[in-house]
Amino acid sequence: MRTFFPVFFLIILFACSPQKIDEDKILTVSGEISPEEMGLTLIHEHILVDFIGADSTGYHRWDKDSVVQKVLPFLAEIKARGVKTLVECTPSYLGKDPVLLQKLTEATGIQFITNTGYYGAVEGKYLPSHAYSESAEELSKRWIAEFQNGIEDTGIKPGFIKISVNSGPSLSEMDEKLVRSAAITHKETGLLIVSHTGTWETANAEIQVLKEEKIDLSHFVWVHAQAEKDFQKYIEAKNEGVWISLDGIAWDIPGHLERIAFCKENGLLDHVLLSHDAGWYSPGEVNGGDFKGFTALFDELIPMLKEKGFTQSDLDLLLIENPSKAFSVKLKNR
């Protein structure tokens, strides 16, 4: 009897105490949601992109309300087609505007996910000056701070890491730094690494850096994988655990149809992500320039896929299950 009551008391105390349990969440500009709430998702789109360069861009370049009015009809189109979440891939110093995305959520009900990280392609045109002088560790501290405290003073947190590298068989010193910084940031935050890449040759160079950093490659997205002409490389990517992002539907429907069909035939669909890489409002152009909508997947590609035998289960895997799995972040219950 002397030991029964203390032990029983400890069991009850443990059962009733709040536990630090890993919990999967999706981080949107309006807060955390469960993976089940993500729904039908476009994983690579742009609302606004400012190509003027890192040294000249800024919020002074556009009026948020004007952008909202321009974009609303295009968002209404995809909401009518069942889209619940849009991953906005515009990176820092290229027009990233989390407050604008928050306004669009309020206006449409569509959930938006924004990012942290830097864009190294185009020979560094979109890199801030401190990216050259700081180490990978120093850059990662900036990105981790956005995850912990919010972007700038908005309180809005990123839901993934967006980087970009230049094409080639090897990475430049800067590109390697960005990949390594993304790896460090992932280890501290759990955020998915989404890298503008292109061919498998370049993706493989990034993968070697990630392996050095002991990163589970299921947390890496090979962006613009449609640039790879050798479809067998998609099999290699799946074997590595990498997400294969076929995200240029708006620009090449036949090419994407061929690639997605190959992925189905070879059992790769559980590692494929789809999107348009479309949009976008362009500051400096009259009325934001020509905006390319986000409907080609639904109105053109999906009917073609169904003709090739794709089932609704296949489509749900590509557009609902895979995005929620890829972008889930493990957070501690608080």
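Notes on the structure in this doc start here.

1. Brief notes about the overall build of the chain
Okay, so step 1: From N to C terminus, the chain includes 11 helices and 12 strands.
Okay, so step 2: By the compact-globule yardstick of 20 Å for 334 residues, the chain fits well, its C-alpha radius of gyration being 21 Å.
Okay, so step 3: Counting only C-alpha atoms, the chain reaches 80 × 50 × 45 Å along its principal axes.
Okay, so step 4: Out of the 334 residues belonging to the chain, those deemed buried represent 58%.
Okay, so step 5: Nonlocal contacts in the chain, meaning residues at least 24 apart in sequence, comprise 77% of its contacts between residues at least 6 apart.

2. As for helix H5 (residues 136-149)
Okay, so step 1: Along its 14 residues, H5 runs 20 Å from first to last C-alpha, staying within 8% of the 20 Å computed at 1.5 Å per residue.
Okay, so step 2: Buried within H5 are the following residues: Ala136, Leu139, Ser140, Trp143, Ile144, Glu146 and Phe147. Looking down the long axis of H5, one finds its buried residues gathered within 150 degrees of arc, a one-sided arrangement. Exposed side of H5, more than 90 degrees from the buried face: Lys141 and Asn149 are the residues found there.
Okay, so step 3: Positive phi shows up at Gly150, right after H5, with a value of about 105 degrees.

3. Observations regarding the sheet that holds strand E8 (residues 193-196)
Okay, so step 1: The 6 strands lie next to each other as E6-E7-E8-E9-E10-E11, forming an open sheet whose pairing is parallel. Both edges of this open sheet fall to strand E6 (115-116) and strand E11 (272-274), since each of them pairs with a single strand only.
Okay, so step 2: Note: strand E7 (residues 160-164) against E8, 4 bridges, orientation parallel. Among the inter-strand pairings, Lys162 is bridged to a residue of E8, identified as Val194.
Okay, so step 3: Relative to the sheet, helix H7 (residues 200-212) contacts E7, E8 and strand E9 (220-223), its axis offset from that of E9 by approximately 160 degrees.

4. So, the sheet that holds strand E3 (residues 41-45)
Okay, so step 1: One open sheet accounts for 3 strands, arranged E3-E4-E5; its pairing is parallel. Two strands in the sheet have a free side with no partner beyond their single neighbour: E3 and strand E5 (111-113). Mean inter-strand twist for the sheet, computed between neighbouring axes without regard to direction, equals 20 degrees.
Okay, so step 2: Pairing of strand E4 (residues 85-88) with E5, which is carried by 3 bridges, proceeds in the parallel orientation. Residue pairing for E5: Leu86 is matched across the bridge by Phe112.
Okay, so step 3: The strands touched by helix H3 (residues 98-108) within the sheet are E4 and E5, with E5 carrying the most contacts at an inclination of about 165 degrees.

5. Concerning the packing of aromatic side chains
Okay, so step 1: Applying the stated criterion to the full structure yields 15 aromatic pairs.
Okay, so step 2: Arranged with centres 5.6 Å apart and planes meeting at 90 degrees, the rings of Phe160 and Phe327 form a pair that is edge-to-face. On the criterion of sequence distance, the pair formed by Phe160 in strand E7 and Phe327 in helix H11 (residues 312-327) is long-range, its members being 167 residues apart.
Okay, so step 3: The class of Phe327 is buried, set by a relative accessible area of 3%.
Okay, so step 4: Seen in terms of ring centroids, Phe231 and Phe262 are 5.5 Å apart; in terms of plane orientation they differ by 65 degrees. Their pairing is edge-to-face. Taken as a pair, Phe231 in the loop between E9 and helix H8 (232-240) and Phe262 in helix H9 (residues 253-265) lie far apart in primary sequence, 31 residues in all.
Okay, so step 5: Overall, the relative accessible area of 12% leaves Phe262 in the buried class.
Okay, so step 6: Members of the aromatic cluster, connected to one another through ring pairs, are Phe51, Tyr119, Tyr126, Trp251 and Trp280.

6. Observations regarding the side chain of Thr108
Okay, so step 1: Along the polypeptide, Thr108 turns up in helix H3.
Okay, so step 2: Residue classification places Thr108 among the buried positions, given a relative accessible area of 9%.
Okay, so step 3: Of note is the side chain of Thr108, whose polar atom sits 3.0 Å from the backbone nitrogen of Ile110.

7. Quick notes on the pairing of E7
Okay, so step 1: Most of E7 sits inside the fold, with 5 of its 5 residues counted as buried.
Okay, so step 2: A two-sided burial pattern is seen for E7, the buried positions comprising Phe160, Lys162 and Ser164 on one face and Ile161 and Ile163 on the other.
Okay, so step 3: Pairing analysis gives 2 bridges linking E6 to E7, with the strands arranged parallel. By the bridge assignment for E7, Asn115 is matched with Phe160.
Okay, so step 4: Regarding the hand of the β-α-β motif, the stretch spanning E7, helix H6 (residues 173-189) and E8 is right-handed.

8. Some remarks on the side chain of Arg259
Okay, so step 1: Here Arg259 is to be found in helix H9.
Okay, so step 2: No salt bridge is formed by the buried Arg259. Its closest oppositely charged neighbour is Asp252, at 4.7 Å.
Okay, so step 3: Those residues in contact with Arg259, other than ones at most four positions away along the chain, are Gln226, Glu228, Lys229, Phe231, Tyr234 and Leu246.

Quick notes on the rules
Residues numbered from 1 in each chain as written. Predicted model: local features only at pLDDT ≥ 70, side-chain atom pairs only at ≥ 80, totals over all residues. Heavy atoms only, no water. Helix = DSSP H or I, 4+ residues; strand = E, 2+ residues; numbered from the N terminus. Rg over C-alpha atoms; globule rule 2.2 N^0.38 Å. Buried < 20%, exposed > 50% of the residue type's maximum accessible area, 1.4 Å probe, protein only. Contact = heavy atoms within 4.5 Å. Expected span 1.5 Å × (residues − 1). Arc of directions from axis to C-beta. Pairing = 2+ DSSP bridges. Axes fitted to C-alpha atoms, helices over the stretch in contact; angles between N-to-C directions. Phe/Tyr/Trp six-rings, centres within 6.5 Å; stacked < 30°, edge-to-face > 60°. Polar contact = N/O pair within 3.5 Å; in protein donor to acceptor, adjacent residues only side chain to side chain. Right-handed = clockwise from strand over helix to strand, strands pointing away. Lys, Arg positive; Asp, Glu negative; His and termini not counted. Salt bridge = Lys/Arg side-chain N within 4 Å of Asp/Glu carboxyl O.

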